[in-house]
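Descriptive structure summary
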Amino acid sequence: MAIVFIRTLIVYFSLLIAMRLMGKRQLGEMELSEFVVAALIADLASHPLQDIGIPMLNGLIPIFTLFCLEVIISGATMKHIRLRGLLYGKPSIIISHGKIDQNEMRKNRFTVDELTEELRTQSVLDISTIEYAVLETNGQLNIVLTPENRPVTAQQMNVQVQDTGYTAIVVSDGRVLDTNLRRMGRDRNWLAKKLSSAGISGPENVYLMMVNGADQVYVAPKEDAK
């Protein structure tokens, strides 16, 4: 039992390190090569756990080999456009000026049901209001509405808008984030005054507190568990 437990910990932290070193791009998206690597790693990682007779190195070496291969491929595709297009493909314009490109739909095996579902998730119900809909290489559908259907901006209305700057969390579930306080040019004295003005005795009674560059504060007091 102890051997299985230790093996599980080793495999878990090895996978955690490998995926972390791949970077946030690989974790946030799933290109074709990354999906293949993830599937292979998942399969290889399970072998030493299923059979304790298999040496741990037989599972760890292939995992880190795949990790190195993915890092090399990612670096090469950043420098070579043709290689990137060969491995990851190219974005496809599914809708152009309100018209569905049926050839691109068939080429990408993208069904009408999938298209309408994607449109609904982005609150678009009328295809004629779409100027372009682009199916990205990671499977995400990005939509550009026609100019008359885009949200009106303050610049178009000639309205001056205050720049509130960056918004940072300064208290999270009763814990003061001193690093964020310093980043926003604030200190604990400022925090105590803001909490006092909100009728809160201390940060331990705050679920969430945020502040932006315009000194606008949002405070959510803790609620009793039900």
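Every chain's residues receive numbers from 1 upward, in the order its sequence appears when written. Under the rules for a predicted model, residues below a pLDDT of 70 receive no local features and side-chain atom pairs below 80 are neither given nor counted, while totals for whole chains, interfaces and linings still include all residues. Values reported for side chains reflect all heavy atoms of the structure, with hydrogen atoms and water molecules removed beforehand.

1. Observations regarding the overall build of the protein
Here is the rule we go by: We count a stretch as a helix when DSSP gives it H or I for four or more residues in a row; a strand needs E for two or more, and each element gets its number in order from the N terminus. Note on contacts: a residue pair qualifies if any of its non-hydrogen atoms lie within 4.5 Å across the two residues. The accessible surface values rely on the Shrake-Rupley method and a 1.4 Å probe; as for residues, cover is taken only from the protein chains in view.
Counting secondary structure elements, the protein contains nine helices and eight strands. Taken over the C-alpha atoms alone, the protein extends approximately 60 × 60 × 40 Å along its principal axes. Considering only intrachain contacts with a sequence separation of at least 6, the fraction spanning at least 24 residues in the protein is 49%. Of the roughly 15,700 Å² of accessible surface on the protein, 58% is carried by carbon and sulfur atoms.

2. Let's talk about helix 4 (residues 56–79)
Short version of the rule: Given the number of residues in a helix, its expected span is that number minus one, multiplied by 1.5 Å. Residue exposure (1.4 Å probe, protein chains only): buried if accessible area is under 20% of the type maximum, exposed if over 50%, otherwise partly exposed.
Between its first and last C-alpha atoms helix 4 spans 36 Å; for 24 residues at 1.5 Å apiece the expected length is 34 Å, and the two agree. Along helix 4, the positions that sit buried rather than exposed are M56, G59, L60, I63, L66, F67, E70, S74 and T77.

3. Focus on the sheet that holds strand 4 (residues 141–145)
Strands pair in a sheet through their backbones, by hydrogen bonds, and they do so in one of two ways: parallel or antiparallel. Selection criterion: Any two strands between which DSSP finds at least two bridges are classified as paired. To define axes, lines are fitted to C-alpha atoms, for helices over the stretch in contact only, and angles between the resulting N-to-C directions are given on a 0 to 180 degree scale.
Across the sheet, four strands lie side by side as 2-1-3-4; this open sheet has antiparallel pairing. Only two strands of the sheet have a single neighbouring strand rather than two, namely strand 2 (99–100) and strand 4. As judged from the five bridges shared by strand 3 (residues 130–135) and strand 4, these two strands associate in the antiparallel manner. Pairing of V134 across the sheet is with N142, part of strand 4. Lying over the sheet, helix 7 (residues 112–121) contacts strand 1 (92–96), strand 2, strand 3 and strand 4, oriented at roughly 65° with respect to strand 4.

4. A closer look at the packing of helix 4 against helix 5 (residues 81–88)
We apply this condition: Here the angle decides the label: under 35 degrees means roughly parallel, over 145 means roughly antiparallel, 65 to 115 means roughly perpendicular, and every other value means oblique. Left-handed describes a crossing whose near helix is turned anticlockwise from the far helix through less than a right angle; right-handed describes the clockwise counterpart. Residue type decides the class: Asp, Glu, Lys and Arg count as charged, Ala, Val, Leu, Ile, Met, Phe, Trp, Tyr, Cys and Pro as nonpolar, and the leftover types, Gly among them, as polar.
Contact pair helix 4 / helix 5: the axes reach a minimum separation of 6 Å and the direction vectors enclose 125°. As judged from the angle between their axes, helix 4 and helix 5 are oblique. Remark: the crossing between helix 4 and helix 5 carries left-handed chirality. Where helix 4 abuts helix 5, its residues E70, I73, S74, A76, T77, M78 and K79 lie against I81, L83, R84, L87 and Y88. A class-by-class count of the residues in the contact of helix 4 with helix 5 yields seven nonpolar, two polar and three charged.

5. Describing the pattern of salt bridges
Rule in force here: A side-chain nitrogen of Lys or Arg and a carboxyl oxygen of Asp or Glu constitute a salt bridge if their distance falls within 4 Å.
Under the defined criterion, the tally for this structure stands at five salt bridges. The partner of D215 in a salt bridge is R186, with the nearest N and O atoms 3.1 Å apart. One end of the pair, D215, is in the loop between strand 7 (206–211) and strand 8 (217–221); the other, R186, is in the loop between helix 8 (178–183) and helix 9 (188–197), and 29 residues separate them in sequence.

6. Digging into helix 9
We apply this condition: Directions drawn from the helix axis to the C-beta atoms are what define this arc. Between N or O atoms, a polar contact is any pair within 3.5 Å; within protein, one atom must be a potential hydrogen donor and the other a potential acceptor, and residues adjacent in sequence are included only when both atoms are from side chains.
All of the buried residues along helix 9 are W190, L191 and L195. For helix 9, the arc enclosing every buried residue in end-on projection is 130°, short of the 170-degree limit, so these residues lie on one face. Looking at helix 9, the residues exposed on the side facing more than 90 degrees away from the buried face are N189, K193, S196 and S197. Of the surrounding elements, those touching the buried residues of helix 9 are strand 5 (168–172), strand 6 (175–176), helix 8, strand 7 and strand 8. The N-cap residue of helix 9 is D187: its side-chain oxygen and the backbone nitrogen of N189 are 3.2 Å apart. Following helix 9 by one or two positions, G199 has its phi on the positive side, about 75°.

7. Looking at the domain arrangement of the protein
Under the convention used in this document: Either an automatic procedure or a domain database provided the assignment from which the domain bounds are taken.
Partitioning the protein into domains gives domain 1 (2–85), domain 2 (92–149) and domain 3 (168–225). Its C-alpha centre places domain 2 at a distance of 42 Å from the equivalent point of domain 3.

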